[in-house]
Amino acid sequence: MSKLKILAVVGSLRRDSLNLQLAKKAGELLADEAEFEILDFSDVPFFNQDIEYPAPEAVSKVRDKVINADGVWFFSPEYNHFFSGVLKNLLDWLSRKPEGSDVHVLFNKPAALSGITFGMSGTALSQDNLVTLLSFLNLDIMNVPRLVIPNADSQLGENGRLKLTASEKYLEKQASSFMQFIRNRK
């Protein structure tokens, strides 16, 4: 059986973001059974209809990555009880059909959600808001299990890097469930 292609979308552009670290841990868990890539969308401009057609090269690049992925796994922080503006901007671009195409980049794409934060809500509110948008965009969302990790400071090593002590088993369960969720659709 060929490896599934999982595209990780991290809703933070910060170099050492906790959600980026969480995505990397997920990639390590899936190394034997999936091609796991973290999407770099740092060069995607703000959505603006004045530059929509032809799409900027950075937008075409991320669209192609999403189209070629078997599933998209979102790793999003929580900013003021919502997901980040950079993630919303990316989704605005991906929601638009490429010029001269009938392809909806996100339609029926399997999706999973995870998030980690220092706060007590553990990204639950941002994930609920993200599910609302992803549902409208017609992604096939794996709602169970979702991974919400609060109080990140309790899962950091001495070097300040994510160690994932108490939550590692939940990440493993979500990774396994997402792979099965995608396979069940094929």
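Note that this is a predicted model, so its numbers are computed, not measured. (Residues numbered from 1 in each chain as written. Predicted model: local features only at pLDDT ≥ 70, side-chain atom pairs only at ≥ 80, totals over all residues. Heavy atoms only, no water.)

S.K.: Quick one: what's the story with the packing of aromatic side chains, residue by residue and with numbers?
M.R.: Going through the model one piece at a time under the given rule, you end up with six aromatic pairs. An angle of 65° between the planes, with centres 5.8 Å apart, marks the rings of W73 and F178 as edge-to-face. With W73 in strand β3 (residues 71-75) and F178 in helix α5 (residues 168-185), this pair connects stretches of sequence that are 105 residues apart. Overall, the relative accessible area of 0% leaves W73 in the buried class. Here F178 and F181 contribute two aromatic rings whose centre-to-centre distance is 6.4 Å and whose plane-to-plane angle is 25°, an arrangement assigned as stacked. (Phe/Tyr/Trp six-rings, centres within 6.5 Å; stacked < 30°, edge-to-face > 60°. Helix = DSSP H or I, 4+ residues; strand = E, 2+ residues; numbered from the N terminus. Buried < 20%, exposed > 50% of the residue type's maximum accessible area, 1.4 Å probe, protein only.)

S.K.: Please give an account of the environment of G122 that cites residues and values.
M.R.: Within the element layout of this structure, G122 appears in the loop between β4 (110-116) and α4 (124-136). In the structure, G122 is positioned 25 residues away from L147 in sequence and 8.8 Å away in space, judged by C-alpha atoms. If near-sequence neighbours (up to four positions away) are discounted, G122 is found in contact with G115, T117, V148, I149 and P150. (Contact = heavy atoms within 4.5 Å.)

S.K.: Explain helix α3 (residues 85-94) to me, and be specific about the residues and the numbers.
M.R.: The α-helix winds at 3.6 residues per turn, so residues separated by three or four positions along the chain end up facing the same way. Considered for burial, the residues of α3 that qualify are L87, N89, L90, L91, W93 and L94. Of the surrounding secondary structure, the elements contacted by the buried residues of α3 are β1 (4-10), α2 (57-68), β3 and α4.

S.K.: Lay out the side chain of Q174 in plain terms, naming residues and giving numbers.
M.R.: Checked against the element boundaries, Q174 lands in helix α5. For Q174, a relative accessible area of 0% corresponds to the buried category. At 3.2 Å, the side chain of Q174 forms a polar contact with the backbone oxygen of P145. Apart from residues no more than four positions distant in its own chain, Q174 is found in contact with W73, A112, L113, S114, M142, P145, R146 and L147. (Polar contact = N/O pair within 3.5 Å; in protein donor to acceptor, adjacent residues only side chain to side chain.)

S.K.: Describe the pattern of salt bridges, listing the residues and the values that go with them.
M.R.: For the structure shown, the criterion picks out nine salt bridges. Across the pair R161 and D16 runs a salt bridge, and its minimum N-O distance is 3.2 Å. Taken together, the positions of R161 in the loop between β6 (147-149) and α5 and D16 in the loop between β1 and α1 (18-29) put the pair 145 residues apart, joining distant regions of the chain. Here the salt bridges share partners, and the residues they tie into one network are R15, D16 and R161. (Salt bridge = Lys/Arg side-chain N within 4 Å of Asp/Glu carboxyl O.)

S.K.: If you had to explain unusual backbone geometry to someone new, which residues and values would you point to?
M.R.: For the bond from Y53 to P54, the omega torsion is -10°, close enough to zero to count as cis. Following the sequence through the fold, P54 ends up in the loop between β2 (34-38) and α2. Here the bond from V144 into P145 is cis, since omega is -5°, no more than 30 degrees from zero. Locating P145 in the fold gives a position in the loop between β5 (140-141) and β6.

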